[in-house]
Amino acid sequence: MDIKSSLGQLQHEIKVVQGEETKDVTYSSQQAFADESAATRAFDQSVIKLLHVDAWSGLSSVTADFRLHDQQGEPKPNDQPVVGDFILIQLPGPMPENWVRVTHIGITPTRVEFTVKPSHDPRSAPTEVIDHFFDQQASSTFRVERTGNQVSAWEIGSNESINNQQPQAGDRSAVNTFIAEGGWLFYQKIQWKALTDYLVHLS
């Protein structure tokens, strides 16, 4: 990378921290199976894993816990997400709760996915405050897909921007910046690679 490119990247990172620009980040895992029939069976199991959100908890000692909630904010631990549901994400350690809302679900014979966006806490009255370290324009798509004898899984982060501007950040501006920067530096890779490996049965 030349000096001009390095300076451009640095300027972009500064604007991202300031909440003026966004990032797109993707993590994925793949596993090939003996034949298409075996891959189809594995894909069916991947779909079950994808849609059983609460089972994502505890993939390792350093990954987050996930809890699916309905549109009224009530837990639904043994159910599948539908558009309008919420997911509570609790990071390890003394971190604030983070909430996302399911905005899209797509199902075909060989691909299943759903998308979430940062949200308010559904257990309280809606406000301008977003209870998440990313701004509400960010989204994450979780996808499993079968192509021939291969099963793949993705976490696709789009328009990721730190939630450190008012009024959306509330009193979380500093901690949101800390969490988001730490995520981009190393934690997202740990979290989402653990998840995508799990979805294609590598762990």
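Residues numbered from 1 in each chain as written. Predicted model: local features only at pLDDT ≥ 70, side-chain atom pairs only at ≥ 80, totals over all residues. Heavy atoms only, no water.

Asks: Quick question: what am I supposed to make of the overall build of the protein chain here?
Replies: The helix and strand tally for the protein chain stands at three helices and seven strands. Scaling as 2.2 N^0.38, a compact globule of 203 residues should have a C-alpha radius of gyration of about 17 Å, and the protein chain matches this with 18 Å. For the C-alpha atoms alone, the extent of the protein chain along its principal axes is close to 50 × 50 × 30 Å. With 203 residues in all, the protein chain has 47% of them scored as buried. Intrachain contacts of the protein chain at a sequence separation of at least 6 include 59% that bridge at least 24 residues. For the protein chain, the computed accessible surface area is about 10,100 Å², with 54% contributed by carbon and sulfur atoms. Distance between charge centres in the protein chain, computed from 16 positive and 26 negative side chains, equals 5 Å. (Helix = DSSP H or I, 4+ residues; strand = E, 2+ residues; numbered from the N terminus. Rg over C-alpha atoms; globule rule 2.2 N^0.38 Å. Buried < 20%, exposed > 50% of the residue type's maximum accessible area, 1.4 Å probe, protein only. Contact = heavy atoms within 4.5 Å. Areas by Shrake-Rupley, 256 points an atom, 1.4 Å probe, with all protein chains shown as cover. Lys, Arg positive; Asp, Glu negative; His and termini not counted. Charge placed at Lys NZ, Arg CZ, Asp CG, Glu CD.)

Asks: What's the story with unusual backbone geometry in this structure? I'm lost.
Replies: With glycine set apart, most residues show a phi of negative sign, and most peptide bonds adopt trans. The amide bond that connects Q166 to the next residue, P167, takes the cis arrangement and shows omega of 5°. Despite not being glycine, N159 shows a phi value in the positive range, around 55°. Assessed through its relative accessible area of 35%, N159 is described here as partly exposed. The backbone of H201 shows a phi angle near 70°, a positive value even though the residue is not glycine. For H201, the location among the structural elements is in the segment after α3 (173-199). By relative accessible area, which is 26% here, H201 ends up partly exposed.

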